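Working through the structure, step by step
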Amino acid sequence: GQPDGYADDILIHKDKNPNTLGVKQLKADVKPFAALVDDVRKGIVTHAIALGGATPGDAAADTEALRSLAALVTIAAHEGPLTAAAGVVLPACAWAETSGSYVNYKGMRQVADKAVEPLGSSKAGWLQIASLAQAMGLEPTWSKLKEIRGRLVSAGGLSQVDSNEAAPAPAE
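What you see is a predicted model, and the numbers here were worked out from it, not measured in a lab.

**Structural notes on the overall build of the protein**
Across its full length, the protein holds 6 helices and 5 strands. For the protein, with 172 residues in total, the buried portion stands at 30%. For the protein, the proportion of contacts with a sequence separation of at least 24, taken over those separated by at least 6, is 48%. Of the roughly 10900 Å² of accessible surface on the protein, a fraction of 58% belongs to carbon and sulfur atoms.

**A short note on the sheet that holds strand β1 (residues 47–51)**
Taken together, the 3 strands give an open sheet; going across it, the order is β1-β2-β3, and neighbouring strands pair in parallel fashion. Looking along the sheet, the strands with just one partner apiece sit at the ends: β1 and β3 (88–91). Adjacent strand axes in the sheet meet at a mean angle of 15° when their direction is disregarded. Strand direction decides the pairing type here: strand β2 (residues 71–76) and β3, joined by 4 bridges, are parallel.

**A look at the pattern of salt bridges**
Two side chains bearing opposite charge may form a pair once their charged atoms approach each other closely. The final tally for this structure, using the stated rule, is 1 salt bridge. Between Glu117 and Lys114 there is a salt bridge; the shortest N-O distance is 3.1 Å.

**Some details on the nonpolar core**
Val40, Ala50, Leu66, Leu69, Leu72, Leu82, Ala85 and Ala86 form the largest nonpolar core, which has 8 residues in total. If sequence neighbours within four positions are ignored, Ala86 has contacts with Leu72 and Thr74. Counting 5 residues, the second largest nonpolar core, distinct from the first, contains Val73, Ile75, Leu90 and Ala92.

**Focus on the packing of helix α2 (residues 33–42) against helix α3 (residues 59–66)**
Closest axis-to-axis distance for the α2/α3 pair is 9 Å, and the angle between their directions is 45°. In terms of orientation, α2 and α3 fall into the oblique class. In the packing of α2 onto α3, the handedness of the crossing is left-handed. From α2, Phe33, Val37, Val40 and Arg41 reach across to α3, where they touch Ala61, Asp62, Ala65 and Leu66. When the residues that make up the contact of α2 with α3 are grouped by side-chain class, the tally is 6 nonpolar, no polar and 2 charged.

Cut-offs used in this document
Residues numbered from 1 in each chain as written. Predicted model: local features only at pLDDT ≥ 70, side-chain atom pairs only at ≥ 80, totals over all residues. Heavy atoms only, no water. Helix = DSSP H or I, 4+ residues; strand = E, 2+ residues; numbered from the N terminus. Buried < 20%, exposed > 50% of the residue type's maximum accessible area, 1.4 Å probe, protein only. Contact = heavy atoms within 4.5 Å. Areas by Shrake-Rupley, 256 points an atom, 1.4 Å probe, with all protein chains shown as cover. Pairing = 2+ DSSP bridges. Axes fitted to C-alpha atoms, helices over the stretch in contact; angles between N-to-C directions. Salt bridge = Lys/Arg side-chain N within 4 Å of Asp/Glu carboxyl O. Core = buried A, V, L, I, M, F, W, Y, C linked by side-chain atoms within 4.5 Å. Parallel < 35°, antiparallel > 145°, perpendicular 65-115°, else oblique. Left-handed = near helix turned anticlockwise from the far one by under 90°. Nonpolar A, V, L, I, M, F, W, Y, C, P; charged D, E, K, R; others polar.

This is the structure we're talking about:
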């Protein structure tokens, strides 16, 4: 993810990542990226699958630490420390090339429809994860984005209505 950036009191929020609160709604005790890098340096984490190319820390230091992993597969639309350190990079669609939903810092889930067709061999992140699972000999238990969204709803991570309504923020 991206580090915090410029903010104002009107429109611009310091969090430059499109789905930080969405992740926290799915996994309330999610650890910061720095904790992952520390665990990699200590040898606690030896393999990883990453979504996105950017990291919130020092790009050179993050790349160096991540290169010590026995295996790193990165699914990304753009280059960054995670793609530089990866042994395998799978091309992901950019945000305008796939439908999805994002939870902003206020807890409002916003639906985004695909605007353009993906280029080359890029696929939606969830499709790349399914392909990766199959390559590892695992069979995903879902085949459509609708099924994933349904499971997220039943797990309490998304509201049932697929609209721009506010979702409850996680407990702090």
